[in-house]
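# Coordinate inspection notes
What follows is the residue order along each chain.
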Amino acid sequence: MIAQPDLDRMLEAAKRAASHAHCQYSQFPVGAALLMDDGQIIPGCNVENVSYGLTNCAERTAVFSAIAQGLPRKGMRSVLIYMPGQTLYSPCGACRQVLKEFLPPEAPIYATCDLPEFKQWTMAELLPDGFDF
Ligand code: THU
């Protein structure tokens with residue numbers, strides 16, 4: 001469970017990140033906000049490529065950025081994704097596997113849009129029986 005003030009900050013960060021998306025091929029901006037245990041929020045956006053398969057999703061950008069910044073890999077608490085518009089979407093399969101690498105099974109994951117609604121899962125609900133050694 002994430003407290004409302006933190007959720008508000010995550011939404012604000014995800015919206016700002018979505019405005020930075022490089023998505024000229026899909027015209028589908030996505031913003032992500034990764035909440036760390038110490039309260040800091042790491043943003044991510046989708047970064048597309050003319051060679052379409054090289055696209056990096058917003059969720060993975062946020063997680064990879066946290067790792068690149070040297071933040072504690074066990075310190076990831078929650079992720080919120082924001083996709084502008086009136087439809088609630090869900091994180092893609094590749095991102096679920098990457099999130100599972102770092103977020104604990106009970107971590108809450110949120111998806112929202114411009115409706116006053118959220119989808120919410122735990123990490124374990126989002127990717128049951130994901131790949132692991
Ligand atoms: N996208 C994300 O950033 N996250 C997801 O979970 C689903 C899809 C991006 C990838 C691509 O740039 C655009 O949305 C359309 O698929």
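Now for a description of the structure that goes with this document. Not measured: the values here are computed from a predicted model.

## So, the sheet that holds strand E2 (residues 41-45)
Read across the open sheet, the 5 strands follow the order E2-E1-E3-E4-E5; overall the sheet is mixed. The outermost strands of the open sheet, each flanked by one partner alone, are E2 and strand E5 (118-122). Averaged over all pairs of adjacent strands, the angle between their axes in this sheet comes to 20 degrees, without regard to strand direction. One ladder, built from 4 bridges, connects strand E3 (residues 76-82) with strand E4 (residues 108-112); its direction is parallel. Along E4, the bridge assignment pairs Tyr82 with Thr112. Contacts from helix H2 (residues 58-68) reach strand E1 (31-36), E2 and E3, with the element oriented near 135 degrees to E2.

What counts and what doesn't
- Residues numbered from 1 in each chain as written.
- Predicted model: local features only at pLDDT ≥ 70, side-chain atom pairs only at ≥ 80, totals over all residues.
- Heavy atoms only, no water.
- Pairing = 2+ DSSP bridges.
- Helix = DSSP H or I, 4+ residues; strand = E, 2+ residues; numbered from the N terminus.
- Axes fitted to C-alpha atoms, helices over the stretch in contact; angles between N-to-C directions.
- Contact = heavy atoms within 4.5 Å.

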